[in-house]
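Listed below, chain by chain, are the residues.
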Number of protein chains: 2
Amino acid sequence: MSTEAPPVVASRAALEELLDLVARGELTRLPALVGEMHPSDIADLLASVPSEDQRLEVLKALPTEVASETLAEMEEDEDRAELLTELGARRGAALLQELADDDAADLLGELDPGDRDRMLAALPSEEAGEIRELLRYGEETAGGLMTTSLVSVSTTATAAEAIAEIREKGREVEEFYTVFVVGRRGLLEGTVPLDDLILADPGDPVQSLVVPVPATVLPDTDQEEVGRVMGRYNLVNIPVVNDEGSLLGRITFDDVIDVIEAETTEDILRLAGVSDEEELKGGWVDSVRSRLPWLVLNLVTAGVAASVILKFEEVISQLTFLAFLMPVIAALGGNTGTQALAVTIRRIAVGDELPGGRFQVVGKEVLVGLLNGLVLGVVFALFAYVYVPEDGLRIGVVVLLAMWANIVVAGFAGALIPTVLKRLGADPAVASSVFVHTLTDLVGFIMVLSLARGLLF
Amino acid sequence: MSTEAPPVVASRAALEELLDLVARGELTRLPALVGEMHPSDIADLLASVPSEDQRLEVLKALPTEVASETLAEMEEDEDRAELLTELGARRGAALLQELADDDAADLLGELDPGDRDRMLAALPSEEAGEIRELLRYGEETAGGLMTTSLVSVSTTATAAEAIAEIREKGREVEEFYTVFVVGRRGLLEGTVPLDDLILADPGDPVQSLVVPVPATVLPDTDQEEVGRVMGRYNLVNIPVVNDEGSLLGRITFDDVIDVIEAETTEDILRLAGVSDEEELKGGWVDSVRSRLPWLVLNLVTAGVAASVILKFEEVISQLTFLAFLMPVIAALGGNTGTQALAVTIRRIAVGDELPGGRFQVVGKEVLVGLLNGLVLGVVFALFAYVYVPEDGLRIGVVVLLAMWANIVVAGFAGALIPTVLKRLGADPAVASSVFVHTLTDLVGFIMVLSLARGLLF
């Protein structure tokens, strides 16, 4: 066993060896090549094979249980749905049968409806039914993340009976960390940690070992909330229950790590004005499609904001120094707004709230803006004072007031807009930054130009 | 048991009840109030108590094992170090003894050196020694995250002997999901999943049940890398080994969820120009301190970039329309740069790489920029053409070329700068955005003004 963490990206050497096998038609030697590799590593290797035909050949040459886990570890943007479809209904169903029901449902959810139905028809009816149930839930909800595969025992069992039950059912359940305890009508009563069960006397009633679960979620709970609750209570899996409290399934921590990563990527990209449909590994066409609409919107908003400049042409032609001041003051406002936005959006994402409630953060940002704006305004006003000696004092006052006002407005808007969006049930990151930057451009330009007109001429 | 997820923030009612108990000096009734509450919830409740004296009173009134877990669940920015110090060495050491060694080390690491030594001296020497070992590792490394508390069995044991060993040691080890198997000189051979062990025949040798671990980390592995590896291989805990491959400890998934959250917050805030020392829950003084230096730097860079405008005053006074064009073209460049930055930084964070290696992404962003820049340039040039009929064609050309060039430069820089920073071993998010925006301002202003001077007059 190696003492080093394995490389996170499929090594070039393994890929070349694989392509060599494909080229020489010696794919029977494939199982030896992938040997004890982890499915995540095989998935990377497979995704690096350039042509889809070759990827399909490789997938077909893998043993069924390896091929299924490999598909489960591939990303949606690595065209795994196409591979599964190409395998055909019979071979595809054989792979799906090897997978946990949540992984199988995720894969099937990516297929075209027709292909999905053909593949479900090729599955044994019980498994097809379970997967159909899971497919009913929204992709980004607890129901969409959960697996129905779990180990549960009855409140009325003894420790020995429970262990016998686990022996029998446990082989099929991957990664069961906790044994759920259910009462009448499937009502979730709590859990018995596996270690407590082993340490108990065989005759002890399970009832005496039950510990309450710190949290449960409903099938329609948003995945972001699921991640927050599991992170908060350090849960390795969380039970999903219906309105009556009956156990429906569980969500394991590894799905939640994926969720946290996906939600974070979404937040960062949205904040930067990139549609969350842009895949990190996607090609340039995807990127143009996901970013251009945003940039066009931005062209309109920046153009509208800057158009106030056109109303003040006579002011600018008298003092072109203003053309230098405006973009600097607008830029500082924009940056202050971005700071306030990022802190507010991140605070909403991790569920941190200030003791005084949601709107206290707006007051704080205004206070921060008053201070930062004063410092920046004074520094920049001094520069202007020195640079334009003939009318330095009055230009200094214009700069100070314009900068100060813009920074306060930026902090206020940067905190208020995502907070209001969140209140309204919208994503706080979406379009916040275009609002804030348009506003700070507008305030910056208007303040400089109207103060200049009022005070200087 | 409630079927709803409990509220993530300490409820106002519980807080008022608590403050009422404090006010009436009836803290002996506290254990009944917190009852079966999860330590995370008690921690929130405690953090909401306004005065530090009252927080200390509440902490003292909690049973030792509850108080210790509550401290462990509090955040560093909720002044838990002050609370621990105020408890004094004896009471503090009693709390620390209840905690897992990694949690105890984290808490001690936040104390002043003098207080830390006093508290360590009050601990039994064996535990103090273990914690001192952990304190040697950097806070953001695998060593800083790991606990030495784990269950391991020898390769030479039978399944029955292993279970007996687990019965004996398992009571003390919190959340042991896997049983590590070690050979001579503590060499890690692999793991035995607890469920396999229960399902095995008692006489089966452990050796026959060993499964290799998909990954290990060294004590000085960066925590971000630990998170990536655990997420990749869906590990509930990962072994930490030394250079020789001997088992030193393990890191559990809950620490990794915290790491992923912390690293994400850091990335988002840095991208927005907020020092990662700013605590999301901190006050306005902290915020001013963490953001003002960045804004001052930004004032300098924006000022330097805009100062090129001062060199072209005669051009602007001849055509004030240019004062309108410049901020729009600079803004679009800035936004394009932010998009490329966000995608590149996020791609680095999640460890996704394009098949052609790190620098392929730069080529892709240039291509995206060529396309987006052409579209935006043509649209804006048409507007300029219509708006300034007397010299529309030539102004249109100025706008088209300036916008196009700026957008291409923005994509290039937005992808290149974080990639190079990463190559150099620096944080790709830090200061990237100030570089990119200064560059896009500069290119935008120079292109508009020099093209205007060359083509129009």
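(A) Fine view of the relation of the copies chain B and chain A. Laying chain B over chain A is done by rotating through 180 degrees and shifting 0.0 Å along the axis; what remains is an RMSD of 0.1 Å. Within this description, the copies of the chain are treated as partners about a two-fold rotation axis. Using C-alpha coordinates, one finds that chain B approaches the rotation axis most closely at Ser317 of chain B, a distance of 2.4 Å. Mapped onto chain A, 99% of the interface residues of chain B again fall at the interface, so both copies present the same surface.

(B) Layout of the interface of chain B and chain A. The interface of chain B with chain A comprises 120 residues on the first partner and 121 residues on the second. For the pair chain B and chain A, the number of links is 6 salt bridges. Notably, a salt bridge pairs Asp41 of chain A with Arg232 of chain B, separated by 2.7 Å at the nearest N-O pair. Where chain B meets chain A, there are 23 residue pairs in polar contact (both at pLDDT 80 or more). Of the residues forming the side of chain B that touches chain A, the biggest block, 17 residues, is contributed by helix 18 (residues 321-350) of chain B. Here the residues of the side of chain B that touches chain A are counted per class, giving 70 nonpolar, 26 polar and 24 charged.

(C) Broad picture of the environment of Pro418 of chain A. Residue and element names in this part refer to chain A. Mapping Pro418 onto the fold places it in helix 20 (residues 392-423). Placed 76 residues apart in sequence, Pro418 and Ala342 show a C-alpha to C-alpha distance of 9.6 Å. In contact with Pro418, not counting residues within four places along its chain, are Leu341, Thr344, Ile345, Ile348, Ala413, Pro428 and Ser432.

(D) Seen up close, the domain arrangement of chain A. Its domain assignment divides chain A into domain 1 (12-136), domain 2 (151-262) and domain 3 (278-456). Relative to domain 3 of chain A, the C-alpha centre of domain 2 of chain A lies at a distance of 50 Å.

(E) Main features of the pairing of strand 2 (residues 178-182) of chain B. All names here are of chain B. Burial runs high along strand 2: 5 of the 5 residues are buried. Burial of the side chains of strand 2 extends over both faces: Thr178, Phe180 and Val182 are buried on one face and Val179 and Val181 on the other. Where strand 1 (residues 152-154) meets strand 2, 3 bridges bridge the pair, whose relative direction is parallel. Bridge pairing in strand 2 places Val153 opposite Val181.

(F) Examining the packing of helix 18 of chain B against helix 19 (residues 360-387) of chain B more closely. All names here are of chain B. It is at 11 Å that the axes of helix 18 and helix 19 come closest, and there the two elements cross at 160 degrees. As far as their axial angle goes, helix 19 and helix 18 are roughly antiparallel. The element helix 18 and its partner helix 19 pack so that their crossing is right-handed. Where helix 18 approaches helix 19, its residues Phe321, Phe324, Leu325, Val328, Ile329, Leu332, Ala340, Val343, Thr344 and Arg347 are matched on the opposing element by Val361, Lys364, Glu365, Leu376, Phe380, Phe383, Ala384 and Tyr387. Looking at the contact of helix 18 with helix 19, its residues break down into 14 nonpolar, 1 polar and 3 charged.

(G) The arrangement of the sheet that holds strand 3 (residues 188-193) of chain B in detail. Residue and element names in this part refer to chain B. Judged by pairing direction, the sheet is mixed, and its 3 strands sit side by side in the order 1-2-3 without closing on themselves. Edge positions in the open sheet fall to strand 1 and strand 3, since each of these has one partner strand only. Along the sheet, successive strands turn relative to each other by an average axial angle of 35 degrees, direction set aside. Where strand 2 meets strand 3, 5 bridges bridge the pair, whose relative direction is antiparallel. Bridged to Phe180 within strand 3 is Thr191.

(H) Region of the structure containing the side chain of Thr440 of chain B. Note that Thr440 of chain B resides in helix 21 (residues 432-456). Sequence-distant contacts of Thr440 of chain B, that is, excluding residues within four places in its chain, are made with Ala330, Gly333, Gly334, Asn406 and Ala410 of chain B.

(I) Spatial organisation of the packing of aromatic side chains. In total, this model carries 13 aromatic pairs over all chains according to the counting rule given. Relative to Phe253 of chain B, the ring of Phe253 of chain A lies with its centre 4.9 Å away and its plane at 40 degrees, an arrangement referred to as tilted. With one member in each of two chains, Phe253 of chain A in helix 15 (residues 253-271) and Phe253 of chain B in helix 15 (residues 253-271) form a pair that bridges those chains. Look at Phe321 of chain A and Tyr387 of chain A: their rings are 5.4 Å apart centre to centre, the planes differ by 10 degrees, and that puts the pair in the stacked class. Within this pair, whereas Phe321 of chain A is found in helix 18 (residues 321-350), its partner Tyr387 of chain A is found in helix 19 (residues 360-387), the two being separated by 66 residues in sequence. By relative accessible area, which is 3% here, Phe321 of chain A ends up buried. Note on Tyr387 of chain A: relative accessible area 40%, which makes it partly exposed. Clustering of aromatic rings is evident, with ring pairs tying together Phe321, Phe324, Phe380, Phe383 and Tyr387 of chain A.

(J) Region of the structure containing unusual backbone geometry. Residues and elements named next belong to chain B. The phi dihedral of Arg185 falls on the positive side, at around 50 degrees, and the residue is not glycine. The residue Arg185 is located in the loop between strand 2 and strand 3 in this model. If you check the backbone angles, Asn234 has positive phi at about 55 degrees while not being a glycine. Secondary-structure assignment places Asn234 in the loop between helix 14 (223-232) and strand 4 (237-241).

Conventions and cut-offs
Residues numbered from 1 in each chain as written. Chains lettered and ligands numbered in written order. Predicted model: local features only at pLDDT ≥ 70, side-chain atom pairs only at ≥ 80, totals over all residues. Heavy atoms only, no water. Least-squares fit on C-alpha atoms with pLDDT ≥ 70 in both. Contact = heavy atoms within 4.5 Å. Salt bridge = Lys/Arg side-chain N within 4 Å of Asp/Glu carboxyl O. Polar contact = N/O pair within 3.5 Å; in protein donor to acceptor, adjacent residues only side chain to side chain. Helix = DSSP H or I, 4+ residues; strand = E, 2+ residues; numbered from the N terminus. Nonpolar A, V, L, I, M, F, W, Y, C, P; charged D, E, K, R; others polar. Domains from an automatic or database assignment. Buried < 20%, exposed > 50% of the residue type's maximum accessible area, 1.4 Å probe, protein only. Pairing = 2+ DSSP bridges. Axes fitted to C-alpha atoms, helices over the stretch in contact; angles between N-to-C directions. Parallel < 35°, antiparallel > 145°, perpendicular 65-115°, else oblique. Left-handed = near helix turned anticlockwise from the far one by under 90°. Phe/Tyr/Trp six-rings, centres within 6.5 Å; stacked < 30°, edge-to-face > 60°.

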